[in-house]
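Observations on chain architecture
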Amino acid sequence: MNIVDRFLRYVSFCTTSDENTGKTPSTPGQMVFARYLADELKSIGLSDVSLDENGYIMATLEANDQRPMTNDQRPIIGFIAHMDTSPDASGENVKTSIVKAEERDFIDARYAGQDVIVTDNKTLLGADDKAGIAEIVTAMEYLIAHPEIKHGKIRVGFTPDEEIGCGADHFDVAAFGADFAYTMDGGAIGELEFENFNAAACKIHIHGLNVHPGYGYKKMHNSMLIANELAAMLPAHETPAHTQGYEGFYHLVGMQGTVEESTLSYIIRDHDRARFEARKQFIETVVARINELYGAGTAEAEIRDQYYNMREKIEPVMHIIDLAQEAMKVVGVCPNIFAGGENFHSRYEYLPIRSLEAAQGVILEIVKRVAAQR
């Protein structure tokens, strides 16, 4: 199956994750898709295909390169992508079309003349990260069909719930067994990431007091107004709309409320670990201030770390980043691993077909380069 048809089939599955269910996978659609993927991996010829009760898939492409290595140790490479899509917009009943880049005003001009996969702007496309899955599966299928390309053992893994910060929670690193692995989950073509934000999720619960509005004087505490007051205490210019690069932020991703009860949902991000910890402490300080103003127990924060900056783990093994950079150059991509999509988490998400194909090419080139090392 060609990579475009495979991707279009994948986005027909609704795999939106949901942080409120407390389950893994957090939504049943992810397990439906996982079963489909597991069957597909078996059908194209991968071995050791497993799907556990939490929705994690692992599989193996066995080595076909029997040439001796000088150190008698052939590295096992892994490629990983996630199955879920962001809850920021609907991922159900995705309707796709292929257009020229100039036909949509939200597509970057650098893709002029290219064929681009888009939706009807009512849902996510799902390139984040079904593009990554399509790239990995198609690359494995290509290697199976071309045994003249020699390679060592390759492991692939697909995970649920990455979009809600839980993708690694039940990932069995020992069972995966790769010496090193790449996630095909970046954005635009040429993107190569080896560091990321430290991340936490935060829910702030506000408890109000509702009485008849005719008798509310000095009695009523409207939790929604208190929530607005708390939100205004956070730095106005430390939000995604005002920050870039390594600058950290507080991002309000959800608000629910009545007079009696309200909840603010934030994600907290910062590349620097010390500043990340300070941001979490500032949330606690703001909550304490609300309790001073309106009484103990008015506000409470639940803060959960999601993941940390991977740079400290990558720096001792930077050769694997150099390998990916070299692979991108060979396939004509200038490093600035990417999956190719743009406008992630938006109804205006899109995927240039050339970028999708280039990412598959990077996978193949990495495999070849590892096999060539002696």
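Everything here concerns the structure above.
Numbering of residues begins from 1 in every chain and follows the order in which that chain's sequence is written. Whole-chain, interface and lining totals are the exception, using all residues; otherwise, since this is a predicted model, local features are given only for residues with pLDDT of at least 70 and side-chain atom pairs are given and counted only at 80 or more. Values shown for side chains rest on all heavy atoms present in the structure; no hydrogens or waters enter the calculation.

1. Here's the deal with the overall build of the chain
What the chain contains, in helices and strands, is nine helices and twelve strands. Based on C-alpha atoms, the radius of gyration is set beside the globule rule, defined as 2.2 Å times the residue count to the power 0.38. Taking 374 residues into account, the globule formula puts the C-alpha radius of gyration at 21 Å, and the chain, at 23 Å, falls close to it. Per element, the accessible surface of the chain, about 17,800 Å² overall, is 51% carbon and sulfur. Think of it this way: Lys and Arg go in the positive column, Asp and Glu in the negative one, and His and the chain ends go nowhere. Note that the charge is assigned to NZ on lysines, CZ on arginines, CG on aspartates and CD on glutamates. Across the chain, the mean location of the 34 positive side-chain charges is 2 Å away from that of the 56 negative side-chain charges. Strands are runs of DSSP state E lasting at least two residues, helices are runs of H or I lasting at least four, and both sets are numbered from the N terminus onward. Per-residue and other accessible areas were derived by the Shrake-Rupley procedure at a 1.4 Å probe size, with only the shown protein chains allowed to occlude residues.

2. Topic: the side chain of Gln-30
Here Gln-30 lies in helix 2 (residues 28-44). N or O atoms within 3.5 Å of each other form a polar contact, as long as, within protein, one can give a hydrogen and the other can take it, and as long as residues adjacent in sequence are counted only when both atoms are side-chain atoms. A polar atom in the side chain of Gln-30 sits 3.3 Å from the side chain of Ser-26. A polar side-chain atom of Gln-30 sits 3.0 Å from a polar atom in the side chain of Thr-27. Here, two residues are considered to be in contact whenever any of their heavy atoms come within 4.5 Å of each other. Beyond its immediate stretch of four places on either side in the chain, Gln-30 contacts Cys-14, Thr-15, Thr-16, Ser-17, Pro-25, Met-83, Asp-84, Pro-160 and Asp-161.

3. A word on the packing of helix 3 (residues 127-145) against helix 9 (residues 353-372)
Throughout, an axis means a line fitted to C-alpha atoms (over the contacting stretch in the case of helices), and angles, computed between N-to-C directions, take values from 0 to 180 degrees. Where helix 3 meets helix 9, the axes come as close as 9 Å, and the angle between the chain directions of the two elements is 50°. It follows that helix 3 is oblique to helix 9 by the angle criterion. Between helix 3 and helix 9 lies a crossing whose hand is right-handed. Every residue of helix 9 that contacts helix 3 at Ala-131, Glu-135, Ile-136, Thr-138, Ala-139, Met-140, Tyr-142 and Leu-143 is listed here: Leu-356, Ala-359, Gln-360, Ile-363, Leu-364 and Val-367. Working definition: roughly parallel below 35 degrees, roughly antiparallel above 145 degrees, roughly perpendicular at 65 to 115 degrees, and oblique for all remaining angles. Crossings are sorted by hand: turned counterclockwise from the far helix by less than a right angle, the near helix makes the crossing left-handed, and turned clockwise it makes it right-handed.

4. Overview of the packing of helix 1 (residues 3-10) against helix 9
Axes are the key here: two packed helices are described by the angle between their axes and the distance separating the axes. At a closest axis distance of 10 Å, the pairing of helix 1 and helix 9 adopts a crossing angle of 105°. Put simply, helix 1 runs roughly perpendicular to helix 9. Contacts from Ile-3, Val-4 and Phe-7 of helix 1 reach helix 9 at Ile-353, Leu-356, Glu-357 and Gln-360.

5. Some words on the pattern of salt bridges
Salt bridge, as used here: a side-chain nitrogen of Lys or Arg that lies within 4 Å of a carboxyl oxygen of Asp or Glu. Inspection of the entire model under this criterion finds 17 salt bridges. For the salt bridge of Glu-40 with Arg-6, the shortest nitrogen-to-oxygen distance reads 2.8 Å. Of this pair, Glu-40 sits in helix 2 while Arg-6 sits in helix 1, and the two are 34 residues apart along the sequence. Residue burial is assigned from relative accessible area. The probe radius is 1.4 Å, only protein chains are included, and a residue is buried under 20% of its type maximum, exposed over 50%, and partly exposed in between. Judged by its relative accessible area of 8%, Glu-40 is buried. Judged by its relative accessible area of 2%, Arg-6 falls in the buried class. For Arg-275, the salt bridge is made with Asp-270, and the minimal N-O distance between the two is 3.4 Å. For Arg-275, a relative accessible area of 46% gives the class partly exposed. Each of Glu-238, Asp-270, Arg-275 and Arg-279 takes part in salt bridges that share partners, so that together they form one network.

6. Some details on the nonpolar core
By nonpolar core we mean a set of buried residues, namely Ala, Val, Leu, Ile, Met, Phe, Trp, Tyr and Cys, connected to one another through side-chain atoms within 4.5 Å. Within the largest apolar cluster, 64 residues are counted, with the highest numbers of intra-cluster contacts made by Phe-7, Leu-41, Phe-79, Met-140, Phe-158, Tyr-182 and Ile-366. Not counting residues within four places of it along the chain, the set of residues in contact with Met-140 comprises Ile-44, Leu-46, Leu-61, Phe-79, Ile-154, Val-156 and Ile-363.

7. Here's the deal with the pairing of strand 9 (residues 249-257)
Two strands are said to pair when DSSP picks up at least two bridges between them. Across eight bridges, strand 9 lies against strand 10 (residues 261-270) in antiparallel orientation. Residue pairing for strand 10: Gln-256 is matched across the bridge by Thr-263. What sits between strand 9 and strand 10 in their antiparallel hairpin is a turn of three residues.

8. Overview of the sheet that holds strand 12 (residues 351-352)
What the three strands build is an open sheet, ordered 4-5-12; its pairing is antiparallel. Only two strands of the sheet have a single partner each, and these edge strands are strand 4 (96-100) and strand 12. Where strand 4 lies against strand 5 (residues 115-119), five bridges are found, and the strand directions are antiparallel. Residue pairing for strand 5: Ser-97 is matched across the bridge by Val-118. Packing against the sheet, helix 1 makes contact with strand 4, strand 5 and strand 12, and its axis sits at approximately 10° to strand 5.

9. Observations regarding unusual backbone geometry
With an omega of -5°, the peptide bond running from Thr-24 to Pro-25 counts as cis. Within the secondary structure layout, Pro-25 lies in the loop between helix 1 and helix 2. Backbone torsion omega between Asp-128 and Asp-129 reads 15°, so that peptide bond is classified as cis. One non-glycine residue, Asn-343, lies in positive phi territory at about 60°. In this fold, Asn-343 is placed in the loop between helix 8 (319-330) and strand 12.

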